[in-house]
Amino acid sequence: MSRQIPLASLACLTMLSLAACGGDEADPADYPDSEITFVVPFAAGGPTDTVTRLISEPMSEELGQQIVVQNVEGAGGTVAAGQVAGEEGDGYQVLVHHIGMSTAPSLYPDLDYDPLEDFKTVGLITDVPMTIVARKDFEPETLEELVSYVEENADTVTLANAGVGAASQLCGLLFEQAVGVDLTEVPYDGTGPALTDLVGGQVDFMCDQTTNTAATIQSGDIKGYAVTTPERVDALPDLPTTAEAGLPDVEVGVWHGLYVPADTPDEIVDKLTDALAVALADQSVIDQFADLGTTPVPEDQVTPDAHTAKLQEQIDLWTPIIEESGVTGG
Ligand code: MLT
């Protein structure tokens, strides 16, 4: 009796179709052989988007494939992170996220991903100072005056942010805690659109990263009060630190990193890490970061281990502060 060979097996035998053999798993050695998407959890034109676009060009050159940037806004960055956590770990969906990766678990009790378990870290990118800024015709001229003003006008002052889980929201929370006020918050999909409204005078003030605010402070279209880092920022030398201006507890730097789904092969992660390191050593990237008030992280931080250590350390730092605040995103 002759044995029937299924058509699929025939195709497999003749190597006509890898997929027909059940062998559709891409070989990590071939990575990348098509376009890569960098998923940004906030609106286009904002600080995370800016950092992403700055690194994606040299990374694209290094990897030999186009990198497209996709903005997936919502719920303070958790929608984008949840999306990438659920993707196949093939290196084609890469999340660019910031400090919000470490604050989301305590802000969102029903979060559908675990930052440490559901991702592999690729490497750190930059640690961006924040600024406290206001519409240009807002009455207070200094941080000290802002504190007095919000104490006296807490029921009318509006504080913009990019939603619960955003860096701007965390910094605003530290400000409110330090001053002892509870302000009306105005959430946006990112601080890109929030800055547009600040320039337009629709909101009073906000915390935001220098990568979004430096040029607008320099042009005088918004008012800068302070930087939230221990040292002043070269691009904004006239701005005092929050500690100098009397609010030492409002200190926060917005660290950024790249993530891929947890089942991504290490060989692919290594290629992304190497390309990130090349991008961050690129003089034009260094110069553009400097104009925006920041620097690439030191070379030894552009590793999965350094990135994972930072993520763990920041979860440990922010969890008790957020739990004590009682703030929740849902
Ligand atoms: C953005 O890209 O819009 C920001 O990073 C939002 C934020 O976290 O404040």
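Model, not experiment: these values are computed from the prediction.

Topic: the overall build of the protein
Point 1. When its secondary structure is counted, the protein shows 11 helices and nine strands.
Point 2. Taken over the C-alpha atoms alone, the protein extends approximately 95 × 40 × 35 Å along its principal axes.
Point 3. Looking at the protein as a whole, 52% of its 330 residues qualify as buried.
Point 4. Partitioning the contacts of the protein with sequence separation of at least 6, the portion at a separation of at least 24 is 78%.
Point 5. Within the structure as shown, the protein displays about 14300 Å² of accessible surface, and the carbon and sulfur contribution to it stands at 48%.

Considerations on the pairing of strand β6 (residues 184-187)
Point 1. Sheet topology note: the strand β5 (residues 158-161)/β6 ladder contains four bridges and is parallel. When the bridges of β6 are listed, Ala 160 appears paired with Val 186.
Point 2. Tracing the backbone out of β5, into helix α6 (residues 167-179) and back to the parallel element β6 gives a crossover that is right-handed.

Brief notes about the site of the ligand
Point 1. For the ligand, the full set of nearby residues is Phe 42, Pro 47, Thr 48, His 98, Ala 162, Ala 166, Ala 167, Ser 168, Gly 190, Thr 191 and Gln 209.
Point 2. Within the side chain of Ser 168, a nitrogen or oxygen atom sits 2.6 Å from an oxygen atom of the ligand.
Point 3. One of the backbone nitrogen or oxygen atoms of Thr 191 is found 2.8 Å away from an oxygen atom of the ligand.
Point 4. The fraction of the free accessible surface of the ligand (260 Å²) that becomes covered by protein chains is 100%.
Point 5. Among the cavities detected, the one that contains the ligand is the largest cavity.
Point 6. Mapped onto the shell around the ligand, the elements with two or more residues apiece are α2 (47-63) and α6.

What to know about helix α8 (residues 210-218)
Point 1. Counting buried positions along α8 yields seven of nine residues, so the element is predominantly enclosed.
Point 2. Among the residues of α8, those classed as buried are Thr 210, Thr 211, Asn 212, Thr 213, Ala 214, Thr 216 and Ile 217.
Point 3. Contact partners of the buried residues in α8: α2, β4 (119-135), α7 (191-200), β7 (205-209), β8 (222-227) and α10 (283-291).
Point 4. Phi turns positive, to about 85 degrees, at Gly 220, one or two residues after α8.

Conventions and cut-offs
- Residues numbered from 1 in each chain as written.
- Predicted model: local features only at pLDDT ≥ 70, side-chain atom pairs only at ≥ 80, totals over all residues.
- Heavy atoms only, no water.
- Helix = DSSP H or I, 4+ residues; strand = E, 2+ residues; numbered from the N terminus.
- Buried < 20%, exposed > 50% of the residue type's maximum accessible area, 1.4 Å probe, protein only.
- Contact = heavy atoms within 4.5 Å.
- Areas by Shrake-Rupley, 256 points an atom, 1.4 Å probe, with all protein chains shown as cover.
- Pairing = 2+ DSSP bridges.
- Right-handed = clockwise from strand over helix to strand, strands pointing away.
- Near = heavy atom within 4 Å.
- Polar contact = N/O pair within 3.5 Å; in protein donor to acceptor, adjacent residues only side chain to side chain.
- 1 Å grid on protein atoms, 1.4 Å probe; cavity = no way out; pocket = protein on both sides within 12 Å on 5 of 7 lines; lining within 4 Å.
- Sits in = over half its atoms within 2 Å of the grid points.

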